[in-house]
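Inside the fold
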Amino acid sequence: MRVLVVEDQKELAATVAVGLRREGMAIDIAHDGQRALRRAELDDYDVIVLDRDLPKLHGDDVCRALVARGSRARVLMLTASATIENRVDGLSLGADDYLPKPFAFAELVARIRALARRRHPGLPPTLVRGDLRLDTARRLVTRGGRRLELSPKELAVLELLLAADGAPVSAQALQRRAWDEYTNSFSNVVKITVSRLRRKLGEPQVIETLPHAGYRIRP
């Protein structure tokens, strides 16, 4: 899952980003509204966590611009004000959800995941291929009834492959969706992660490499 955190308080933005990365999300950060719009043009985000009170371009204007562009990203608007009027205003701009500050981190994670599911409404909460199961809400993977301990990146790659329902997913697409902007596009991080994932999934192998196409879960 690719998420853009737009927050002008740099310490808060960094703290939120660290926590969300531990949840297996790929996180980019913008500290002002103009930068947020530029980032949204470059990358296809699942969710944008948007602070309302931003420098250079107000969060309301960012939200309006995203809606006008037809952005597919779901917007979770944050604000220090918890009044009903402010919530209604934020939602009327086109935001998909609204969370007042201060917030509990667990609630932030739950709302981001809920919004991501709304962006991909066809995906079931549990992805199944043979004896391999991934509970996307609880982040729980089992094979043959045995629980597997996967790293956040391994889990993110597996989710993308299972969601493709047998279609190949290129290494470039996996990197765009599971890693953030600071990952070297020429690195072999995807290949290494897939190799580790294969070992943990065990035999028979379920991840197939297709030359010039990428990876897929075997039919």
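In what follows, the structure referred to is the one given above.
Structural notes, computed from the coordinates.

Conventions used here
- Residues numbered from 1 in each chain as written.
- Predicted model: local features only at pLDDT ≥ 70, side-chain atom pairs only at ≥ 80, totals over all residues.
- Heavy atoms only, no water.
- Helix = DSSP H or I, 4+ residues; strand = E, 2+ residues; numbered from the N terminus.
- Contact = heavy atoms within 4.5 Å.
- Axes fitted to C-alpha atoms, helices over the stretch in contact; angles between N-to-C directions.
- Parallel < 35°, antiparallel > 145°, perpendicular 65-115°, else oblique.
- Left-handed = near helix turned anticlockwise from the far one by under 90°.
- Nonpolar A, V, L, I, M, F, W, Y, C, P; charged D, E, K, R; others polar.
- Pairing = 2+ DSSP bridges.
- Expected span 1.5 Å × (residues − 1).
- Buried < 20%, exposed > 50% of the residue type's maximum accessible area, 1.4 Å probe, protein only.
- Arc of directions from axis to C-beta.
- Core = buried A, V, L, I, M, F, W, Y, C linked by side-chain atoms within 4.5 Å.
- Salt bridge = Lys/Arg side-chain N within 4 Å of Asp/Glu carboxyl O.

Description of the environment of leucine 78
- Looking at where leucine 78 falls in the secondary structure, it is placed in strand β4 (residues 74–79).
- Taking C-alpha positions, leucine 78 is 8.6 Å from aspartate 53, a pair spaced 25 residues apart along the chain.
- Once you skip the residues sitting within four places of it in the chain, leucine 78 turns out to touch Val49, Leu50, Asp51, Arg52, Leu99, Lys101 and Phe103.

With respect to the packing of helix α6 (residues 152–163) against helix α7 (residues 171–178)
- Between α6 and α7, whose axes approach to 10 Å, the crossing angle comes to 125 degrees. Between α6 and α7, the angle falls in the class oblique. Handedness of the α6/α7 crossing: right-handed. Between α6, through Lys153, Ala156, Val157, Leu160 and Leu161, and α7, the contact on the second element is made entirely by Leu174, Arg177 and Ala178.
- Residue composition of the contact of α6 with α7, by class: 6 nonpolar, no polar and 2 charged.

Here we look at the sheet that holds strand β2 (residues 26–30)
- Pairing is parallel across the open sheet formed by 5 strands, whose spatial order is β2-β1-β3-β4-β5. Because the sheet does not close on itself, it has two edges, and the strands there are β2 and β5 (97–100). Taken over all neighbouring pairs, the strand axes of this sheet differ in orientation by 20 degrees on average, direction set aside.
- Examined bridge by bridge, β4 and β5 share 4 bridges and lie parallel to one another. Looking at β5, one finds that methionine 77 is bridged to tyrosine 98.

What about the packing of helix α1 (residues 10–22) against helix α5 (residues 105–119)?
- Viewed as axis vectors pointing N to C, α1 and α5 meet at an angle of 60 degrees, and their least axial separation amounts to 11 Å. Between α1 and α5, the angle is such that the two are oblique. Here α1 runs over α5; the crossing is right-handed. For the pair α1 and α5, contact is made by Val16, Gly19 and Leu20 and by Phe105, Leu108, Val109 and Ile112, respectively.
- Considered class by class, the residues forming the contact of α1 with α5 number 6 nonpolar, 1 polar and no charged.

Here we look at α5
- Here α5 spans 21 Å end to end across 15 residues, near enough to the 21 Å set by a 1.5 Å rise per residue.
- Among the residues of α5, Leu108, Val109, Ile112, Arg113, Leu115, Ala116 and Arg119 are the ones counted as buried. With its buried residues spanning 160 degrees around the axis, α5 presents them on a single face.

Details of the nonpolar core
- Core analysis: the largest hydrophobic core is formed by 25 residues, its most contacted members being Val141, Leu158, Leu161, Leu201 and Ile207.
- Listed by contribution, the elements that provide at least two residues to this core are β7 (132–135), α6, α7, α8 (189–201) and β11 (214–217).
- Leucine 161 has contacts with Val169, Leu174, Ile207, Tyr215, Arg216 and Ile217, leaving out every residue within four places of it along the chain.

Observations concerning the pattern of salt bridges
- Counted according to the given criterion, the structure contains 28 salt bridges.
- A salt bridge links lysine 200 to glutamate 154, with the shortest nitrogen-to-oxygen separation between them at 2.8 Å. Note that lysine 200 is positioned in helix α8 and glutamate 154 in helix α6, a separation of 46 residues in sequence.
- What you see here is one network of salt bridges that share partners, running through Asp44, Asp46, Arg72, Arg119 and Arg177.

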